[in-house]
Amino acid sequence: MSARAAKRPQIGVLALQGAFLEHEKMLARLGANCRELREKSDLEAPLDGLVLPGGESTTQKKLLTDLGLYEPLREKIAQGLPVLATCAGLILLARNATQDHSPYPSFGTLPVRVRRNAYGRQLGSFSTTGEIKGLGAFPMRFIRAPFIEETAPEVDVLARVDGNIVAVRYQHQIALAFHPELGSDTRLHAAFLSLAAS
């Protein structure tokens, strides 16, 4: 293996359910190596970052618990592993989520309160362009998306749409209510990889 290849960031992508393949393709375009995380043994090799994709948050929580992935991943995030979370991934990170009757725990490492399915069924999916702090105009695709109702003071709000918070950063965690992996703009994934390399 060349020295250049050895320096490629190693990104774990939670691959239990949801749009994980799209994240992998975008990260590969940016030079990252992706490892799909499906069972506890997938966590044995070191990771530089973690992607929590969209999907169905209750299903993901149940599978994380059933497969023994919940506690080791929560520990890695709490210890500082950089994370990019989209849609359901945002709900997995949040300390509180309204309209969430799941008996399974969230990681609780992001001090925000999230509203699940915040846009309701009539506006279950839509696209817009919003301003992201430090990046400028960015295409955003929302699919039965949540938004963030409240943040702790130390959370950096990166974007709002119609007054609702849809992107934040807290320490090593970037969390989004929309799906950048479904478009062609790689800037958010590149920002995540910069975080993973720091």
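Note that residues are indexed from 1 along each chain, following the sequence as it is written. This being a predicted model, a pLDDT of at least 70 is required before a residue's local features are given, and a value of 80 or more before pairs of side-chain atoms are given or counted; all residues contribute to the totals for chains, interfaces and linings. Calculated side-chain values reflect all of the structure's heavy atoms, with hydrogen atoms and water omitted.

Scanning the chain for helices and strands turns up 6 helices and 12 strands. Radius of gyration here uses only the C-alpha atoms, and the compact-globule reference equals 2.2 Å multiplied by the residue count raised to the power 0.38. For the chain, whose C-alpha radius of gyration is 16 Å, the value lies close to the compact-globule estimate of 16 Å for 198 residues. With respect to the three principal axes, the spread of C-alpha positions in the chain is 50 × 40 × 30 Å. Each residue's exposure class comes from its accessible area (1.4 Å probe, protein chains only) as a fraction of the maximum for that residue type: buried when under 20%, exposed when over 50%, partly exposed otherwise. Expressed as a percentage of the 198 residues in the chain, the buried residues total 49%. In the structure as shown, the chain presents an accessible area of about 9300 Å², 48% of it carried by carbon and sulfur atoms. Residues scored as charged are limited to Lys and Arg (positive) and Asp and Glu (negative), so that His and the chain ends carry no count. For the purpose of locating charges, the reference atoms are NZ of Lys, CZ of Arg, CG of Asp and CD of Glu. Averaged over its 23 positive side-chain charges, the chain has a centre that lies 2 Å from the centre of its 20 negative ones. Helix and strand labels come from DSSP, where a helix needs a run of H or I of at least four residues and a strand needs a run of E of at least two; each type is numbered from the N terminus. Per-residue and other accessible areas follow the Shrake-Rupley method at a 1.4 Å probe size, with only the shown protein chains counted as cover for residues.

For side chains bearing opposite charge, pairing can occur when the charged atoms are close. Salt bridges, as used here, are contacts in which a Lys or Arg side-chain nitrogen is within 4 Å of a carboxyl oxygen on Asp or Glu. Scanning the entire structure with this criterion turns up 9 salt bridges. With its nearest N and O atoms 2.7 Å apart, the salt bridge here joins Arg74 to Glu71. Separated by 3 residues within a single helix, Arg74 and Glu71 lie in helix α4 (residues 70-78), roughly one turn from each other. On the basis of relative accessibility, which here comes to 38%, the residue Glu71 falls in the partly exposed class. One continuous salt-bridge network, built from bridges that share partners, spans Arg113, Arg115, Glu149 and Glu150.

As a further point, take the side chain of Thr86. Inspection of the secondary structure puts Thr86 in strand β4 (residues 83-86). Residue Thr86 is classed as buried on the basis of its relative accessible area, which comes to 0%. N or O atoms closer than or at 3.5 Å make up a polar contact, with two conditions inside protein: a donor-capable atom paired with an acceptor-capable one, and, for residues adjacent in sequence, both atoms drawn from side chains. A polar atom in the side chain of Thr86 sits 3.2 Å from the backbone nitrogen of Gly54. Those residues in contact with Thr86 that sit more than four places away from it in its chain are His23, Leu52, Pro53, Gly54, Leu176, Phe178, Pro180 and Glu181. Residues count as neighbours in contact if any of their non-hydrogen atoms are within 4.5 Å of one another.

Looking now at the confidence of the model for the chain. pLDDT measures how confident the predictor is about each residue, on a scale from 0 to 100. Averaged over the chain, the pLDDT score is 91; the fraction of residues at 70 or greater is 94%. Note on residues 1-6: pLDDT under 50 across the span, and 2 contacts to partners over four residues away in sequence or across chains.

Nonpolar cores are built from buried Ala, Val, Leu, Ile, Met, Phe, Trp, Tyr and Cys residues. Side-chain atoms within 4.5 Å join them into one set. Counting 60 residues, the largest nonpolar core has Val166 and Phe178 as its most contacted members. Not counting residues up to four positions away in its chain, the partners in contact with Phe178 are Thr86, Cys87, Ile132, Phe138, Met140, Arg141, Phe142, Val166, Ala167 and Leu188.

Turning to the packing of aromatic side chains, a few remarks are in order. We call Phe, Tyr and Trp rings a pair once their centres come within 6.5 Å, taking the six-membered ring for Trp, and we label the pair stacked below 30 degrees between planes, edge-to-face above 60, and tilted otherwise. With the rule as written, the count across this model stands at 4 aromatic pairs. Taking 5.5 Å as the distance between ring centres and 5° as the angle between the ring planes, the aromatic pair formed by Tyr70 and Phe107 counts as stacked. Here the residue Tyr70 occupies a position in helix α4, and Phe107 occupies one in the loop between β5 (94-98) and β6 (110-115), the gap between them amounting to 37 residues. Across the pair, exposure class does not vary: Tyr70 and Phe107 are buried alike. Centre to centre, the rings of Phe138 and Phe178 are 6.2 Å apart; their planes meet at 50°, and the pair counts as tilted. Linking Phe138 in strand β8 (residues 136-143) with Phe178 in the loop between β12 (173-176) and α6 (187-197), this pair joins segments that are 40 residues apart in sequence. Each residue in the set Phe126, Phe138, Phe142 and Phe178 is aromatic and connected to the rest through ring pairs, giving one cluster.

This paragraph deals with unusual backbone geometry. Within the chain, Asp162 stands out as a residue other than glycine whose phi angle is a positive 55°. Relative to the helices and strands, Asp162 resides in the loop between β10 (156-161) and β11 (164-170). Looking at Asp162, the relative accessible area reads 72%, which means it is exposed. Positioned with a positive phi, Gln171 is a non-glycine residue whose angle comes to about 55°. Secondary-structure assignment places Gln171 in the loop between β11 and β12.

Throughout, an axis means a line fitted to C-alpha atoms (over the contacting stretch in the case of helices), and angles, computed between N-to-C directions, take values from 0 to 180 degrees. It is the contact of helix α2 (residues 20-29) with α6, at a shortest axis distance of 10 Å, that shows an interaxial angle of 70°. Overall, the two elements α2 and α6 adopt an arrangement that is roughly perpendicular. Contacts between α2 and α6 involve His23, Met26 and Leu27 from the first element and His189, Phe192 and Leu193 from the second. Grouping the constituent residues of the contact of α2 with α6 by class yields 4 nonpolar, 2 polar and no charged. Convention used here: angles under 35 degrees read as roughly parallel, angles over 145 as roughly antiparallel, angles from 65 to 115 as roughly perpendicular, and any remaining angle as oblique. For this classification, Asp, Glu, Lys and Arg are treated as charged, while Ala, Val, Leu, Ile, Met, Phe, Trp, Tyr, Cys and Pro are nonpolar and the rest, including Gly, are polar.

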